[in-house]
2 protein chains.
Amino acid sequence: MEQIKVLLNDDEIPRQWYNLAADLPSPPLPPLAPDGTPITPEMLAPVFPMNLIEQEVSPQRWIDIPEEILALLTIWRPSPLFRARRLERALGTPARIYYKHEGMSPPGSHKPNTAVAQAWYNKQFGVKRVVTETGAGQWGSALAFASALVGLECLVFMVRVSFDQKPYRRLMMEAWGCNCIPSPSKETQAGRTILQQDPESPGSLGIAISEAVETAVSDGSGQTRYSLGSVLNHVLLHQTVIGLEAKKQLEKIGEKQVDVVIGCVGGGSNFAGLAFPFLYDKICGANIEVVPVEPTSCPTLTRAPFVYDHGDTARMTPLLAMHSLGHSFVPAPIHAGGLRYHGVAPLVSHAAMEGLIAPRSYSQLRCFEAAVQWARTEGYIPAPETSHALAAVVDEAIKAREEGQERVILFNWSGHGLLDLASYDAFFRGKLTDYVLPEEDLKRAMAEFAGHPKAELHKEG
Amino acid sequence: MEQIKVLLNDDEIPRQWYNLAADLPSPPLPPLAPDGTPITPEMLAPVFPMNLIEQEVSPQRWIDIPEEILALLTIWRPSPLFRARRLERALGTPARIYYKHEGMSPPGSHKPNTAVAQAWYNKQFGVKRVVTETGAGQWGSALAFASALVGLECLVFMVRVSFDQKPYRRLMMEAWGCNCIPSPSKETQAGRTILQQDPESPGSLGIAISEAVETAVSDGSGQTRYSLGSVLNHVLLHQTVIGLEAKKQLEKIGEKQVDVVIGCVGGGSNFAGLAFPFLYDKICGANIEVVPVEPTSCPTLTRAPFVYDHGDTARMTPLLAMHSLGHSFVPAPIHAGGLRYHGVAPLVSHAAMEGLIAPRSYSQLRCFEAAVQWARTEGYIPAPETSHALAAVVDEAIKAREEGQERVILFNWSGHGLLDLASYDAFFRGKLTDYVLPEEDLKRAMAEFAGHPKAELHKEG
């Protein structure tokens, strides 16, 4: 019988996370205060628990995963590695297409990989409540799930356009006992300011982050902390179990060389989770093409400059060195809510600047076409975010066919789309449009960086 | 590290289905025409393809699973066997609680186990289109998924109350290319008759079955067949992969004796799928308590008589020997739509009459309480149907604690509730009520059986 998946047992789960910061050709650029001075760990203490801040700034290549976190991860991990044989046949490609199925987790995406780690570290540190923001709801539901399991209160600010489009994700958070509020809200100064300017604001991840951070730092009890589902180093770190498992699984079936690694990119965490362990090989000399895929409506890696910018709209976060469309940028309301972020993880941006990764962008309709083809061949219905990776996978597989090459393609199937079915409905009814960011919007965004410190890699030699 | 799941590889999937009909202490009662004469395979030919009819009447204990069906099953099977250690600790029970996680399939329930088999047999037989009914949408989405994979057209009549309450399941069917219509509809004579009597009819599985069967048999091309998601022998047969896998998995971890096997029951297929292979052991002398759990609003096994009755409201199906509340019975609109069926599988009914199984019923609120406790300890959000099994599991675990007994409980986690979150919302807002079938409704139903042939087991000796 044709094998289509490779499993690992509970005790084969990776015992350490991989930290790309240890291996980048030039040192990562530190977060800065608006005046250009570096942010110290102490300055972040009102926002994050110190154990996570230590991970954020760690230069160590390998970081041990505590036993208690491994126990939480095994609720759904190791995730299966699938071979997409049915899609391969449908495309008539000689390529071998593998994917990590991250949709098996209770909330249905890769997000719990870091949610359970963050919840556990917060609990360890004595925190009673975590606050966060969410776009499509993948991250909010992951933190709600993790909080229920470790016994934390959880408050989530959900971007209003998703709150309205995707009621089921809110209901999921509530099933796990979490409080979910649409953002912009009247609960915070940041939210009230936005609502004054535009009472109909669809919201954005940038705005919701401002609200969540404000709530955390303004809680006088000192028992609330903020939690972020992407972008930061420690978040990407926690996701590397994906790529580390994939390596073990490929080895198990004797697949020695991966040619292309693909993941969709919003903040960058699912992409990094799969890709960073392979970037290690690439830095060591392996010939691997690593492709982050983003929407044409929010093209950070493909079109935005590498700058120091805030992670949020109200400029409450430090300046991060990253590709950014400007902290006040509000992306078009595409259905891949998780990809609607003005910036992208500093480590991913850095890898792009080093030429280690080759970003691509796709428009919404092409992605939904690929998603429907996937559902009807491979069976699983992908999230709109995941469909961006799929579009690139299909193109790579067709290229392999045209070139007659037996390429090995690996990608991250970051989550299922069962709670995003309204977007499929809109697609079938011809109600979706493509969005490509106009050049003038990009120029307008550039003006925001005028007063910021310059972001430049410090190449040795 | 504590192991919480037991996996099987693709090549460890069972190669044969188990047929309980071969081992029942007294012979199964055949389906009958209204005049009391037995139904012949030829009479079923306009409804089902002959290869499935042969399975329906097969007396063989083991039936080979074709390689092509195994390939389809491995898309999500073997399913993991989990140990619910977190719930065990929350309940402080010495019981060991194991469950088969059938929610990992693309549509999210156990239903694809038979859907892929039925779709494949229909395709083999030259059928071009399959027609079916669905309650909560679990079965309809499973057949839509299977049809997409083998290349069949698919038409689904969905019980209106679920069609309205659960739009996402309809959207899921459409994502797989299936046509889904609310029932009662104006497309069939059966539907039009019901709508004349009650234009606001919430529908029922019995009505929807009538519509689907009528559509199949009245298609002049001869290329349409009907497909049923539960009740019939061949459907239960296909589900036995669940119990057969569970046995392998328990053996792998040295768990020698299961004390209690639990599953929720609507038509009976997920219960049978897990339980029948264990009933084989019980018939051979093992001491196992086997518990089907049904809603108090639709208490077939616990309160209805064992009779010959039609499987559908319009009396298009043969008479089946089963526990039935009467073919015109319309159950209260509980959220566990998949358990709203007036009858229950003949093989399950037969096992009940033989005293092989010990049915129980639970009311809706108690089930949702158990579901929420489950979600917040074990992580996965169960379907409302599955919550009925959970309520019994919790009771069994508490009983083990009170008796100080190390019992081994195994149950079928038949599907996730991500598309049923509106029902959790209603539960949290206090909008759900319990329904217990009034005695007078039961008596009224009894009148329906007056003219039917008597159903009596033929005990040997």
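Residues numbered from 1 in each chain as written. Chains lettered and ligands numbered in written order. Predicted model: local features only at pLDDT ≥ 70, side-chain atom pairs only at ≥ 80, totals over all residues. Heavy atoms only, no water.

## Side note on the interface of chain A and chain B
Rules: Only heavy atoms matter for contacts: two residues are in contact if any of them lie within 4.5 Å across the pair. Two parts lose some accessible area (1.4 Å probe) when they are put together, and adding that loss for both gives the buried area. Salt-bridge detection follows one rule: a side-chain nitrogen of Lys or Arg within 4 Å of a carboxyl oxygen of Asp or Glu. For the purposes of this entry, the term helix denotes a DSSP run of H or I that reaches at least four residues, the term strand denotes a run of E that reaches at least two, and both are numbered from the N terminus.
At the junction of the two partners, chain A supplies 56 residues and chain B supplies 56 residues. Around 4,400 Å² of area is buried between chain A and chain B when both sides are counted, 61% of it from carbon and sulfur atoms. By the criterion of area lost to chain B, the three top residues of chain A are M1(A), Y168(A) and R376(A), representing 17% of everything that side buries. Seen at the junction of chain A and chain B, the total is 2 salt bridges. Across the pair K5(A) and D10(B) runs a salt bridge, and its minimum N-O distance is 2.7 Å. Those elements giving two or more residues to the side of chain A that touches chain B turn out to be α3 (67-73), α6 (138-150), α8 (167-175), α16 (364-377) and α18 (421-428) of chain A.

## So, the domain arrangement of chain A
Residues and elements named next belong to chain A. How we decide: Throughout, the edges of the domains are those of an automatic or database domain assignment. Whenever two N or O atoms come within 3.5 Å, that pair is a polar contact, provided that in protein one can donate a hydrogen and the other can accept it, and provided that, for residues adjacent in sequence, both atoms are side-chain atoms.
Per the domain assignment, the segments of chain A are domain 1 (5-12 + 67-108 + 240-449) and domain 2 (17-63 + 110-233). Contacts between the two partners involve 59 residues from domain 1, matched on the other side by 62 residues from domain 2. Contact between domain 1 and domain 2 buries roughly 4,900 Å² in total, counting both sides, with carbon and sulfur atoms accounting for 70%. Between D420 and R169 there is a salt bridge; the shortest N-O distance is 3.0 Å. On the surface where domain 1 and domain 2 come into contact, there are 17 residue pairs in polar contact (both at pLDDT 80 or more). Within the residue set of the side of domain 1 that touches domain 2, elements represented by two or more residues are α3, α12 (241-252), α13 (269-283), β12 (306-310), β13 (319-323) and α15 (346-353). Per-element tally for the side of domain 1 that touches domain 2: the top contributor is α13, with 7 residues.

## Considerations on the relation of the copies chain A and chain B
Here is the rule: A least-squares superposition brings the copies together, and it is based on the C-alpha atoms of residues with pLDDT no lower than 70 in both.
In screw terms, the move from chain A to chain B is a rotation of 180 degrees and a rise of 0.0 Å along the axis, fitting with an RMSD of 0.0 Å. The superposition operator between the copies reduces to a two-fold rotation axis. The C-alpha atom lying nearest the rotation axis in chain A is that of M104(A); the distance is 3.2 Å. Interface overlap between copies: 100% of the residues of chain A at the interface are likewise at the interface in chain B, consistent with a symmetric, same-surface contact.

## Concerning the pairing of strand β12 (residues 306-310) of chain B
Along any regular strand, the residues point their side chains to alternate faces of the sheet. Residues and elements named next belong to chain B. Put simply, the test is: Accessibility here uses a 1.4 Å probe with only protein chains present; expressed as a share of the type maximum, an area under 20% marks a residue as buried, one over 50% as exposed, and anything in between as partly exposed. When DSSP finds at least two bridges between two strands, those strands are taken to pair.
Across the 5 residues of β12, 5 count as buried, placing the element largely inside the fold. Residues F306, Y308 and H310 of β12 are buried on one face, and the alternating residues V307 and D309, pointing to the opposite face, are buried as well. Of the strand pairs in this sheet, β12 and strand β13 (residues 319-323) are connected by 5 bridges, and their pairing is antiparallel. For Y308, the partnering residue across the bridge sits in β13 and is A321.

## A few points about the sheet that holds strand β4 (residues 81-83) of chain A
Residue and element names in this part refer to chain A. Definition in use: For helices, the axis comes from a line fit to the C-alpha atoms of the stretch in contact; other axes are also lines fit to C-alpha atoms, and the angle between any two N-to-C directions lies between 0 and 180 degrees.
What the 7 strands build is an open sheet, ordered β1-β4-β5-β15-β10-β11-β14; its pairing is mixed. Of all strands in the sheet, those bounded by a partner on one side alone are β1 (5-6) and β14 (360-362). The pairing of β4 with strand β5 (residues 96-101) spans 3 bridges and is antiparallel. In the sheet register, L81 faces β5, and the bridge partner there is K100. On the sheet, α12 packs against β1, β4, β5 and β15 (408-413) and is oriented at approximately 135 degrees with respect to β5.

## Looking at the sheet that holds strand β6 (residues 129-134) of chain B
Hydrogen bonds between backbone atoms are what pair the strands of a sheet, whose relative direction is either parallel or antiparallel. All names here are of chain B. One open sheet accounts for 4 strands, arranged β8-β7-β6-β9; its pairing is parallel. Since the sheet does not close on itself, it has two edges, and those belong to β8 (179-183) and β9 (224-226), each with one partner. Pairwise comparison of adjacent strand axes, ignoring direction, gives a mean angle of 25 degrees for this sheet. Pairing of β6 with strand β7 (residues 153-159), which is carried by 6 bridges, proceeds in the parallel orientation. Among the inter-strand pairings, E133 is bridged to a residue of β7, identified as F157.

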